[in-house]
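Chain by chain, the residues run as shown.
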Amino acid sequence: MKSDTIWNPLYVQLLIFELLSQLGMALVNPVASNFAVAMGATVAAGGFLAGLNPLTSLICRPFGGLFLKLAPRKTLLLTASIVFTASSLICAAFPSELTLGASRILLGVAYV
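Enquirer: How should I be thinking about the overall build of the protein in this particular structure?
Expert: When helices and strands are counted, the protein shows five helices and zero strands. From first element to last, N terminus to C terminus, the protein shows the α and β order α-α-α-α-α. Relative to its length of 112 residues, the protein is extended, with a C-alpha radius of gyration of 17 Å against a globular reference of 13 Å. The dimensions of the protein, computed from C-alpha atoms along their principal axes, are 65 × 25 × 20 Å. Every one of the 112 residues in the protein was classed for burial, and the buried ones make up 23%.

Enquirer: What is the right way to look at the packing of helix H1 (residues 9-28) against helix H4 (residues 73-93) in this model?
Expert: Geometry of a packed helix pair, given as the angle between the helix axes and the separation of the axes. One can describe the packing of H1 onto H4 by two numbers: an axis separation of 12 Å at closest approach and a directional angle of 40°. Where H1 crosses over H4, the two elements pack in a sense that is left-handed. Contacts between H1 and H4 pair Leu14, Phe17, Glu18 and Met25 from the former with Leu77, Ser81 and Phe84 from the latter. For the contact of H1 with H4, the residue count by class is five nonpolar, one polar and one charged.

Enquirer: Any chance you could explain H4 here in plain terms?
Expert: Since there are 3.6 residues in each turn of an α-helix, residues three or four apart along the chain are aligned in direction. An ideal rise of 1.5 Å per residue puts 30 Å on 21 residues; H4 measures up with 30 Å between its terminal C-alpha atoms. Among all positions of H4, only Ala80, Ser81, Phe84, Ser87 and Cys91 are buried. Looking straight down H4, one finds that the buried residues subtend no more than 125° of arc, so they occupy a single side. Residues of H4 that are exposed and point over 90 degrees away from its buried face: Lys74, Leu78, Ile82 and Leu89. Residues of H4 that are buried sit in contact with H1, helix H2 (32-38) and helix H5 (97-111).

Enquirer: Would you explain H1 in this entry?
Expert: For H1, with 20 residues, the first-to-last C-alpha span of 28 Å sits near the 28 Å given by 1.5 Å per residue. Its side-chain oxygen 3.1 Å from the backbone nitrogen of Leu10, Asn8 forms the N-cap of H1.

Calculation notes
Starting from 1, residues in each chain are numbered consecutively following that chain's sequence as written. Side-chain atom pairs in this predicted model are given and counted only at pLDDT of 80 or more, local residue features only at pLDDT of at least 70, and totals for whole chains, interfaces and linings cover all residues. With hydrogens and water set aside, each side-chain value is computed from the structure's full complement of heavy atoms. By the criteria applied, helices consist of DSSP H or I runs no shorter than four residues and strands consist of E runs no shorter than two, each listed in order from the N terminus. Put simply, the radius of gyration uses C-alpha atoms, and a globule should come to 2.2 Å times the residue count raised to 0.38. Burial classes: relative accessible area under 20% of the type maximum marks a residue as buried, over 50% as exposed, and values in between as partly exposed (1.4 Å probe, protein chains only). Axes here mean lines fitted to C-alpha atoms, for a helix over just the part in contact, with angles spanning 0 to 180 degrees between N-to-C directions. Take the far helix as your reference; a near helix turned counterclockwise from it by less than a right angle gives a left-handed crossing, and one turned clockwise gives a right-handed crossing. We call two residues in contact when some of their heavy atoms are within 4.5 Å. All residues other than Ala, Val, Leu, Ile, Met, Phe, Trp, Tyr, Cys, Pro, Asp, Glu, Lys and Arg, Gly among them, are scored as polar; the first ten of these are nonpolar and the last four charged. To estimate the expected span of a helix, subtract one from its residue number and multiply by 1.5 Å. Throughout, the arc means that of the directions going from the helix axis to the C-beta atoms. Pairs of N or O atoms within 3.5 Å make up the polar contacts considered here, provided that, within protein, one atom can donate a hydrogen while the other can accept it, and that residues adjacent in sequence are counted only when both atoms are side-chain atoms.

All we've got here are geometric facts, nothing functional implied.
Right under this line is the structure:
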(Lines give C-alpha, C1' and ligand atoms only; values in the text may rest on other atoms or scores of the structure.)
Protein backbone atom coordinates (compact mmCIF):
# COMPACT_ATOMS: atom_id res chain seq x y z
CA MET A 1 0.00 0.00 0.00
CA LYS A 2 1.34 3.40 -0.98
CA SER A 3 1.63 5.81 1.92
CA ASP A 4 0.18 9.27 1.51
CA THR A 5 2.80 11.90 2.06
CA ILE A 6 2.70 15.63 1.90
CA TRP A 7 6.18 15.75 0.35
CA ASN A 8 5.17 15.58 -3.30
CA PRO A 9 6.63 17.78 -6.07
CA LEU A 10 3.77 20.31 -5.97
CA TYR A 11 4.14 20.76 -2.22
CA VAL A 12 7.89 21.26 -2.56
CA GLN A 13 7.30 23.88 -5.27
CA LEU A 14 4.81 25.66 -3.01
CA LEU A 15 7.24 25.53 -0.11
CA ILE A 16 10.08 26.98 -2.21
CA PHE A 17 7.78 29.69 -3.59
CA GLU A 18 6.61 30.68 -0.11
CA LEU A 19 10.18 30.67 1.19
CA LEU A 20 11.30 33.01 -1.60
CA SER A 21 8.27 35.29 -1.11
CA GLN A 22 8.86 35.60 2.62
CA LEU A 23 12.59 36.04 2.13
CA GLY A 24 11.97 38.78 -0.42
CA MET A 25 9.64 40.53 1.99
CA ALA A 26 12.13 40.28 4.85
CA LEU A 27 14.92 41.69 2.68
CA VAL A 28 12.91 44.59 1.24
CA ASN A 29 11.44 45.90 4.50
CA PRO A 30 14.72 47.12 6.06
CA VAL A 31 15.81 49.05 2.96
CA ALA A 32 12.47 50.64 2.03
CA SER A 33 13.07 53.78 4.08
CA ASN A 34 16.63 54.19 2.73
CA PHE A 35 15.29 53.78 -0.80
CA ALA A 36 12.70 56.51 -0.20
CA VAL A 37 15.33 58.86 1.26
CA ALA A 38 17.60 58.15 -1.73
CA MET A 39 14.73 59.21 -4.01
CA GLY A 40 14.51 62.55 -2.19
CA ALA A 41 12.02 61.95 0.61
CA THR A 42 12.68 63.22 4.11
CA VAL A 43 13.68 60.73 6.77
CA ALA A 44 10.21 61.04 8.34
CA ALA A 45 8.50 60.41 5.00
CA GLY A 46 10.83 57.46 4.36
CA GLY A 47 9.89 55.97 7.71
CA PHE A 48 6.20 56.52 6.96
CA LEU A 49 6.55 54.85 3.54
CA ALA A 50 8.39 51.91 5.09
CA GLY A 51 5.66 51.60 7.71
CA LEU A 52 2.81 51.53 5.18
CA ASN A 53 3.29 47.82 4.56
CA PRO A 54 2.82 46.60 8.16
CA LEU A 55 0.10 49.20 8.79
CA THR A 56 -1.90 48.07 5.76
CA SER A 57 -1.38 44.45 6.73
CA LEU A 58 -2.60 45.19 10.25
CA ILE A 59 -5.73 46.90 8.94
CA CYS A 60 -6.51 44.14 6.41
CA ARG A 61 -5.63 41.18 8.65
CA PRO A 62 -9.11 40.88 10.29
CA PHE A 63 -10.59 40.32 6.83
CA GLY A 64 -8.14 37.53 5.98
CA GLY A 65 -10.27 34.86 7.62
CA LEU A 66 -13.32 36.00 5.69
CA PHE A 67 -11.39 35.83 2.42
CA LEU A 68 -10.19 32.35 3.34
CA LYS A 69 -13.77 31.19 3.87
CA LEU A 70 -15.09 32.77 0.66
CA ALA A 71 -12.37 31.87 -1.83
CA PRO A 72 -10.39 28.68 -2.43
CA ARG A 73 -6.88 28.68 -1.01
CA LYS A 74 -5.31 28.13 -4.40
CA THR A 75 -7.06 31.23 -5.75
CA LEU A 76 -5.93 33.30 -2.77
CA LEU A 77 -2.33 32.14 -3.12
CA LEU A 78 -2.34 32.90 -6.83
CA THR A 79 -3.90 36.32 -6.24
CA ALA A 80 -1.37 37.16 -3.53
CA SER A 81 1.46 36.08 -5.84
CA ILE A 82 0.18 38.32 -8.61
CA VAL A 83 -0.16 41.26 -6.21
CA PHE A 84 3.38 40.65 -4.85
CA THR A 85 4.72 40.67 -8.40
CA ALA A 86 2.68 43.71 -9.44
CA SER A 87 3.85 45.68 -6.43
CA SER A 88 7.48 44.95 -7.23
CA LEU A 89 7.07 45.78 -10.91
CA ILE A 90 5.26 49.04 -10.15
CA CYS A 91 8.07 50.19 -7.92
CA ALA A 92 10.76 49.09 -10.39
CA ALA A 93 9.11 50.61 -13.46
CA PHE A 94 8.11 53.95 -11.92
CA PRO A 95 10.51 54.81 -9.09
CA SER A 96 8.95 57.67 -7.15
CA GLU A 97 7.69 58.27 -3.65
CA LEU A 98 4.07 57.89 -4.77
CA THR A 99 4.64 54.54 -6.46
CA LEU A 100 6.72 53.36 -3.51
CA GLY A 101 3.76 54.15 -1.26
CA ALA A 102 1.33 52.36 -3.59
CA SER A 103 3.70 49.41 -3.80
CA ARG A 104 3.99 49.19 -0.01
CA ILE A 105 0.19 49.30 0.35
CA LEU A 106 -0.27 46.55 -2.24
CA LEU A 107 2.39 44.50 -0.50
CA GLY A 108 0.61 44.93 2.83
CA VAL A 109 -2.68 43.75 1.35
CA ALA A 110 -1.04 40.73 -0.26
CA TYR A 111 0.80 39.85 2.94
CA VAL A 112 -2.46 39.19 4.76
